[in-house]
Amino acid sequence: NFVPPIRSNGGNAGNMISTRGSGKCDDSLEDSTKRCLEMLCGPDGELPEKLRNLEPRLIEHVSNEIMDKDPNVRWNDIAGLEHAKKCVTEMVIWPLLRPDIFRGCRSPGRGLLLFGPPGTGKTMIGKAIAGEAKATFFYISASSLTSKWIGEGEKLVRALFGVASCRQPAVIFVDEIDSLLSQRKSDGEHESSRRLKTQFLIEMEGFDSGNEQILLIGATNRPQELDEAARRRLTKRLYIPLPSSEARSWIIRNLLEKDGLFKLSEEDTNLICKLTEGYSGSDMKNLVKDASMGPLREALRQGIQITELKKEDMRPITLPDFENALQEVRPSVSMNELGTYEDWNRQFGSLS
Ligand code: ADP
């Protein structure tokens, strides 16, 4: 029963939203929805063509929940991954900053796949790209399209690409992209998920052939599930591996230096790095969190009440805190899984 909120006869969008001819759905639009639509209007006060047949509540959802106005991650926040940073800078950031130079032979691919174990910084890279390229960042988890937005995923995908095209340059980050573009299902594939997949590929095709400054980044922990069509569209495929020993050391120090009082010698840090072989970046973060609870637990054991506790009552975080934390926080990725990523990288990854 949707009636577009805007008539295309010129004039001020705010007025148009509230005074459209039929008067059928204008009043039902919340003020927040109206404000959101107004912000997407062009200088002529009109809603861009691409958004006209979309449901206002979906546009609002994309603008408020999926669009991240301040991704707040920079390259310097990401440990290691030098290869990925270099590739991404050349392939994605420069073209977004200088579209005039990256034309013709230099025209960039519009699809990037980041694959590897969970918790290795794929989302961080996506946010950093948007931050460094001064682009608008859109984050969506593909599995939410099939679970939370049952029957509406297709419309939400249209709204997502529609709003992104009004907010260029834009980076659309699709987490767990395998659940959207997987090669399984085929025959028994549910009709609605097939339609969703088709809609998604159509949208990608659309901006790939045009002059739009939109980059799609897909992230997955299960690259082997992607089908051929997905691989074809995600032209650059970068392996995001587990952090090296240096990167793990950097993560520990970076997190501790932010707000903790700690006493770790270089040998202590080296030992922790040795003991955390196979830990992901997110495992490292959990380890530091757990270790930093050590001094607090000890102070409470000595009888100080949590409500009375002062920061000075806590001793610095030390190596034994990490040794205890290592018993609690185990690596989340198995060696077997790593082999699968490496095989896939050799077969389909962009090695340079
Ligand atoms: P992914 O998208 O690969 O599953 P994320 O980018 O969401 O992983 O990372 C989860 C958390 O783990 C981050 O918020 C960060 O605290 C930590 N982390 C992971 N990789 C790194 C890294 N290379 N450098 C710094 N922190 C990292």
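One can find the structure itself at the top, above this paragraph.
Residues numbered from 1 in each chain as written. Predicted model: local features only at pLDDT ≥ 70, side-chain atom pairs only at ≥ 80, totals over all residues.

A.B. asks: Sorry, what's going on with the site of the ligand here?
C.D. replies: Neighbouring residues of the ligand: 18 residues in total, closest G121, K122, T123, G281 and S282. When residues of the shell around the ligand are traced back to their parent elements, those giving at least two are helix 5 (122-132), helix 10 (245-259) and helix 12 (281-292). Looking at side-chain class alone, the shell around the ligand contains nine nonpolar, seven polar and two charged residues. (Near = placed C-beta within 6 Å. Helix = DSSP H or I, 4+ residues; strand = E, 2+ residues; numbered from the N terminus. Nonpolar A, V, L, I, M, F, W, Y, C, P; charged D, E, K, R; others polar.)

A.B. asks: Help me understand the pairing of strand 2 (residues 111-115), please; the structure alone is not making it clear to me.
C.D. replies: Across a regular strand the side chains alternate sides, sitting on one face of the sheet and then on the other. The element strand 2 is largely enclosed, with a buried count of five among its five residues. Here strand 2 shows a buried face lined by G111, L113 and F115 and a second buried face lined by L112 and L114. Taken together, the five bridges between strand 2 and strand 5 (residues 214-220) define a ladder with parallel strand orientation. Residue F115 lies in a different strand from strand 5, and its bridge partner there is T220. (Buried ≥ 20, exposed ≤ 12 C-beta atoms within 10 Å, placed from the backbone. Pairing = 2+ DSSP bridges.)

A.B. asks: Would you mind showing me how to read unusual backbone geometry here?
C.D. replies: Going from Q168 to P169, the amide bond is cis rather than trans, its omega being -10 degrees. Inspection of the secondary structure puts P169 in the loop between helix 7 (153-166) and strand 4 (170-175). At L81, a position not held by glycine, the phi torsion is positive, near 55 degrees. Examined against the element boundaries, L81 turns out to sit in the loop between strand 1 (67-68) and helix 4 (82-97). Although it is not a glycine, E176 adopts a positive phi angle of roughly 50 degrees. A count of 20 C-beta atoms within 10 Å places E176 in the buried class.

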